[in-house]
Every structure is written in C-alpha cells, then in structure tokens.
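Topology and contacts: notes
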Amino acid sequence: MSIETMDPFADIADLLLDAIVIVDLSGKVVAANAACLAVFGYTPEELTGKTLFDHVVPEDRAKTWEESLLVMSGTPRIGFENRYIRKDGSIAHIMWSARCDAERQLRIGVARDITAKKRAEAVQMALYQIAALAHGSDGLSQLLDETHRIVSRLVSVAGMAVIDARVKHRLNCLYQSDSSGKGAGMVDEAARQLVDKALQEQQPVVSDLPGATGGAGMSLLAAPLSGTQGPVGALILKSHPGMRFTDDDTKLLHFVSSQVAVALERRWLLDELTRSARYDDLTGLPNRRLFYDRLETALSQSRRRNSRSALLYLDIDGFKQINDTLGHTAGDELLRVLARRIKKTMREEDTVARLGGDEFVVLLPHVSTLEAATGVAEKIRTTCNEMVWLDRHLVEPRLSIGVAIYPDQASDATQLMKLADQSMYEEKRRTKQS
Ligand SMILES: Nc1nc2c(ncn2[C@@H]2O[C@H](COP(=O)(O)OP(=O)(O)OP(=O)(O)O)[C@@H](O)[C@H]2O)c(=O)[nH]1
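Values in this document were obtained by computation on a predicted structure and should not be read as measured data. (Residues numbered from 1 in each chain as written. Predicted model: local features only at pLDDT ≥ 70, side-chain atom pairs only at ≥ 80, totals over all residues.)

We now examine the pairing of strand S1 (residues 19-24). Put simply, side chains in a regular strand alternate between the two faces of the sheet. Taken across its 6 residues, S1 has 5 buried, putting it largely inside the fold. Sheet topology note: the S1/strand S5 (residues 106-113) ladder contains 6 bridges and is antiparallel. Bridging from a neighbouring strand, Ile20 pairs with Val110 of S5. Direction of pairing for S1 relative to strand S2 (residues 29-32): antiparallel, over a ladder of 3 bridges. Along S2, the bridge assignment pairs Val21 with Ala32. (Buried ≥ 20, exposed ≤ 12 C-beta atoms within 10 Å, placed from the backbone. Helix = DSSP H or I, 4+ residues; strand = E, 2+ residues; numbered from the N terminus. Pairing = 2+ DSSP bridges.)

This is how it looks when you write it as structure tokens:
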C-alpha cells in the first residue's frame, strides 16, 4: 500500500516538510512520505515494513505507547510530543497530529520536527535553572544531582559524571550516575583520557565507542568546566547505546558547562567559607565556635540522660620558646603533630578542638567518672610526650591538662570551661615549681 493509492493529495505528499507515517495495527510502517528522511533520518523505503516505535528514545516509550492506544481507540489527537533517535544517532523532537482509519485498520500520523524550538526552549530553561542552582543549592551533592537532571532534559544521556580537576594531574570524581541509578565505573581509563584531552583543548571532545560483543556502540563526551581562574573540572556524558552526540550537542554542552563551572565554583567557595568558619585552618580541628556548639549539645544530652560529660583543657608547656628558638614554622608543625596525636588517642564520638594559640580542648560526651576522664588525660599526655623532630631538632613536647566534669563540678558550659582552664593552670604552676 502506498500514499498515492490512498490519498487525493498524494502527489503533493512528498512536497510537505512534515513527515507522514501510516502504520498498521502492529505498528509497522505501511507508507511514509519523503520528509521522513529529514525528520527521522530514514527514507520511506527504509521505514516501510519496520516499526517506528523502535526508534523512540527509551524514556518516551511508555507515553508513546499510551498515545498510540488512544489514537487507535478512535480519538484524533493533535499536539502529542515525543523524541526519536535518528539514523545518525541525533535526537528528533516531534509533535504529532494523528488519527485512526478504523475501516482500513491503520493509524495515520503527521510528524512535525520541533527539535530546534525545543532545544532553544530547553537551553533557556537550563541556563535559568543552573543560575538558580549557583545561588540556591543546599550543598554540593544537591547541586550535582540537579545538574544531572537539567543536562538530561537538554541532551538524552544514559549517564553523567563530574570531575574535580582543581589539583593538576589529580582528577577526582565528584559524581557519577547512570540510568540504572548507580553509574559506578563510568569514569574508567577511557573517560579519564577524554577528560585530559578536553582540558588540554579547552573544548568538549567526543569519543565513539564500539558496543560490547557486537552490540550498539555509544558516545562519550567530555566538556571542560572552565571557571573564572581557569579549568576546574569536567563533565562526562555517556549516550544511550546506539546514540551519538552531535555537533549541536557539543556546542550546547560547551555553553552549558561554563554555567555549571560558575555554579560549582560558587558552591566550593561557600563550602570553604562555611568550613573555615567552623574549623581551624592550621590543624583542621573544629575551632572554638564549633566546639561550643558541640559542648552545649553534649551538656543538654547529659541532662536528658542523667549522664556525665567531661572537658579536658590542654596547653603546651614552653611553646613560646619553641617558636622563639626554632621559628614559627616549627611551632606550627608542633601544633599539627600534637593535634594529630590527640585526635588519634580519642574515640569517634569525642571532640578535639583548637581554641587558638597552643590551647586545645577535648570533650568527652559520655564519661562515667572524674577518674575515667583523668585516665583519658593521662593517655593523651603519654602519647603527646613522644619525641618529635622539628627543624632537625628533637623536641619532647609537654602538656598541662586540666579536667572538669559535668554536672558534678559545674552547672553549665561556661562554668565547666572555667574550671577546666583553672585546673590546667594549677597543674602548669605545679610543674613550673617542681
Ligand atoms: N607557631 C605558632 N605559634 C602561635 C600560634 N598561635 C599562637 N602562637 C604563639 O604561641 C605562644 C603561646 O604562648 P604561651 O602559651 O603564653 O607560652 P608558653 O611558652 O606555652 O607558656 P606556658 O603555657 O606558660 O608554658 C605565643 O608565643 C604565640 O605567639 C600559631 O598558630 N602558630
């Protein structure tokens, strides 16, 4: 059966810019006009006898199936939209006008190619959403999840990964997810090499990979994330099997990735500001502010559970002299070494913090007695006493440690801190006198 024998307008069917596709009950194409080549990438001859549904992008198959049932039930439909994989692997966005011919048991559809319009709308929307993300996301993982969603609305992708390339020659995978929801292993050697190339060339690069055991191949695309100070990372996109990223996709992703880079840089900056507001830069330990938060939490838990918390106040003996004789850098190194040693001695639930200068505090949120807390202080003292090399000098660090326990000795955080501090100074005085 052909259009010529069925339609009074048959002789003009091939002049139309829209594709006409007539399928039978099983969905097989029985006739198609010449525009199918421009719209779907297949000639009428190539489509005839085949099922057009097989070319629908996987995500649109369920709704396309429901739509075809509606049409076959006798409801003429105008305006249904779905996407097809063209012969060259690119994606065609289609708007359909369809009805059924009940007498001949056929479905007649007119397909309008709205790819360009869809893409323009999608780009506009994506840029708006990414800009909003830069200002509004709650954290890095939310930013990356949302970026994945936005990019997949723009380009049909089976998986996406984001690489942090801020440290030269050390690519760090920040995110990877594929349509199965896992994506582990997406960033393999081939993907890393592609990222290197994209970073070097400062533009997106595509690599077409053959399918495993003769199956359909797919494309990998790596787009550099160029921040205000230079390249900060890369986006990796994996196509669905049988699809290829086109030049249009590449151009689009070049543009989009620069917006993603801005959003990422902003997120990193915010995270860094948040981190440095709560952590000590030199040792990486919680700072005074974070420590007070944790102390208040521990004390309110102690009140609720009728349990004890202990506070240890630590100060390095003769630290000024180390600075004065070995230099400030050696002093810094000693602070870092002792921070590591104290931390290593403690349990996960305990908090070790640096208050500033050579003063550290340790919070034991669950402790049975003052003696138990004093035992912990002795363990810290022994560990910290071990000799350390500082600027080619062997130094034996000494700590003065004060211990106070809640609620036995203090009724709130301020009082507890004061007591532990006093107890530390008493010990320091005793040590100096002896
Ligand atoms: N290297 C280094 N030194 C610091 C830092 N912050 C404070 N200091 C120095 O740490 C020293 C602390 O002084 P003190 O605790 O009074 O001196 P100390 O010699 O330990 O005296 P005692 O505690 O009585 O034994 C001062 O010399 C500060 O300049 C820092 O981040 N790095």
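A few words now on helix H4 (residues 61-72). Over its 12 residues, H4 runs 16 Å from end to end, which matches the ideal 16 Å to within 8%, given 1.5 Å per residue. Downstream of H4 by one or two residues, Gly74 has phi in the positive range, about 110°. (Expected span 1.5 Å × (residues − 1).)

Here helix H7 (residues 189-201) contains 13 residues, and its C-alpha end-to-end distance of 18 Å stays within 8% of the 18 Å for a straight helix at 1.5 Å per residue. Inspection of H7 places Ala191, Leu194, Val195, Ala198 and Leu199 among the buried residues, and these make up the whole buried set. Here the buried residues of H7 occupy an arc of 135° about the axis, which is enough to place them on one side. When the buried face of H7 is taken as reference, the exposed residues oriented beyond 90 degrees from it are Glu189, Ala190, Gln200 and Glu201. Buried residues belonging to H7 abut strand S6 (159-164), strand S8 (205-209), strand S9 (218-227) and strand S10 (230-238). The first or second residue beyond H7 is Gln202, which carries a positive phi of 55°. (Arc of directions from axis to C-beta. Contact = placed C-beta atoms within 7 Å.)

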